[in-house]
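Each chain, letter by letter, is given below.
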Amino acid sequence: MGHETMRILVVEDDKDLNRQLSEALEEAGYVVDRAFDGDEGHFLGDTEPYDAVILDIGLPQKDGISVLEEWRSADRVMPVLILTARDRWSDKVAGIDAGADDYVAKPFHVEEVLARVRALIRRAAGHASSEISCGPLRLDTRGAKATVNGVALKLTSHEFRLLSYLLHHMDKVVSRTELVEHMYDQDFDRDSNTIEVFVGRLRRKLGVDMIETIRGLGYRIQAPGDGS
Ligand code: CA
């Protein structure tokens, strides 16, 4: 895809790392805004339109998780990639629960971050154009919107993608491996445990019992009336 003035926010208090990321993004053709603490980052993400955000978790003044939670509760749905400390599994889960779309653990290669950002933007843009219904659930794949009984759901791009994939494969058991392959770039060796986290979050947001766990095999959404 081209770089039609895609705008990225980098929130990272480590000045060298911030500059390294920002310069690499600029070289790749993005417009980049920089913030060096949680307050500044939160303000920018709350008021400016970004195509993606790179957000460090450990930030002065306001930590990255709080920043992200506040954005999401204010309906700021831009894709967010969080930067976590190495081996801090709890940070990853907290970040995903707060609405992160992806994460990279430090130390990382800048190229990896760039690839993830490209993937996030690509997914957020979406291509499909159809509406799928299943019982009370309705998915508008073009507008990337989902409703349950007419009430709009606040879904992150990953949650939407997961739900969309299950609905596109209605009545079929979809394995975690298949979901991982679908949700992440194939170049990356991703942990399928994150899928459980996404499914759990999606279930809570749906509020209706639609996603079945098929033990040892994966997940399934059944069309109404089936299997009765
Ligand atoms: Ca930091």
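Okay, so let's go over this structure. (Residues numbered from 1 in each chain as written. Predicted model: local features only at pLDDT ≥ 70, side-chain atom pairs only at ≥ 80, totals over all residues. Heavy atoms only, no water.)

**Some details on the pairing of strand E2 (residues 31-35)**
On any regular strand, side chains alternate: one points to one face of the sheet, the next to the other face.
And step 1. Pairing geometry for strand E1 (residues 7-11) and E2, over five bridges, is parallel. Within E2, the residue paired with Leu9 across the bridge is Asp33.
And step 2. Crossover E1 to E2 through helix H1 (residues 15-27) is right-handed. (Pairing = 2+ DSSP bridges. Helix = DSSP H or I, 4+ residues; strand = E, 2+ residues; numbered from the N terminus. Right-handed = clockwise from strand over helix to strand, strands pointing away.)

**Side note on the sheet that holds E1**
And step 1. Spatially, the five strands line up as an open sheet ordered E2-E1-E3-E4-E5, and their pairing is parallel. Both edges of this open sheet fall to E2 and strand E5 (102-105), since each of them pairs with a single strand only. Taken pair by pair, the neighbouring strands of this sheet meet at an average axis angle of 20°, ignoring direction.
And step 2. Set on the sheet, helix H4 (residues 89-97) makes contact with strand E4 (80-84) and E5; between it and E4 the angle comes to about 160°. (Axes fitted to C-alpha atoms, helices over the stretch in contact; angles between N-to-C directions. Contact = heavy atoms within 4.5 Å.)

**Re the pattern of salt bridges**
And step 1. Counted according to the given criterion, the structure contains 17 salt bridges.
And step 2. Among the salt bridges present, the one from Asp75 reaches Lys154, with a minimum N-O distance of 3.6 Å. Of this pair, Asp75 sits in the loop between helix H3 (64-73) and E4 while Lys154 sits in the loop between strand E9 (151-152) and helix H6 (157-168), and the two are 79 residues apart along the sequence.
And step 3. Residue Lys205 pairs with Glu159 through a salt bridge whose shortest N-O separation is 2.8 Å. In this pair, Lys205 is assigned in helix H8 (residues 193-206) and Glu159 in helix H6, connecting sequence segments 46 residues apart.
And step 4. You can call Lys205 partly exposed: its relative accessible area is 33%.
And step 5. We classify Glu159 as buried; its relative accessible area is 0%. (Salt bridge = Lys/Arg side-chain N within 4 Å of Asp/Glu carboxyl O. Buried < 20%, exposed > 50% of the residue type's maximum accessible area, 1.4 Å probe, protein only.)

**So, the nonpolar core**
And step 1. The biggest cluster of nonpolar side chains holds 48 residues, and the ones touching the most others in it are Val53, Leu55, Trp71 and Leu163.
And step 2. Excluding its chain neighbours within four sequence positions, the residues that come into contact with Leu55 are Val11, Gly64, Val67, Leu68, Trp71, Val80, Leu81, Ile82 and Leu83.
And step 3. Counting 21 residues, the second largest nonpolar core, distinct from the first, contains Val10, Leu21, Val32 and Ile121. (Core = buried A, V, L, I, M, F, W, Y, C linked by side-chain atoms within 4.5 Å.)

**Quick word on the coordination of the calcium ion**
And step 1. Around the calcium ion, the protein supplies Asp13 (OD), Asp56 (OD) and Gly58 (O) as donor atoms, at distances of 2.2 to 2.4 Å.
And step 2. One chain supplies every donor for the calcium ion, spaced along it as D-x42-D-x1-G.
And step 3. We classify Gly58 as partly exposed; its relative accessible area is 47%. (Donors = N, O, S within 2.8 Å, 3.2 Å for Na, K, Ca; no water.)

**Here we look at unusual backbone geometry**
And step 1. The step from Lys106 to Pro107 runs through a cis peptide bond, and the omega angle for that step is -5°.
And step 2. Counting through the fold element by element, Pro107 comes out in the loop between E5 and helix H5 (110-125).
And step 3. Phi at Gln61 takes a positive value of approximately 75°, unusual for a residue other than glycine.
And step 4. Along the chain, Gln61 turns up in the loop between strand E3 (52-56) and H3.
And step 5. Of note, Asp171 is a non-glycine position whose phi angle comes to about 75°, a positive value.
And step 6. Checked against the element boundaries, Asp171 lands in the loop between H6 and helix H7 (176-183).

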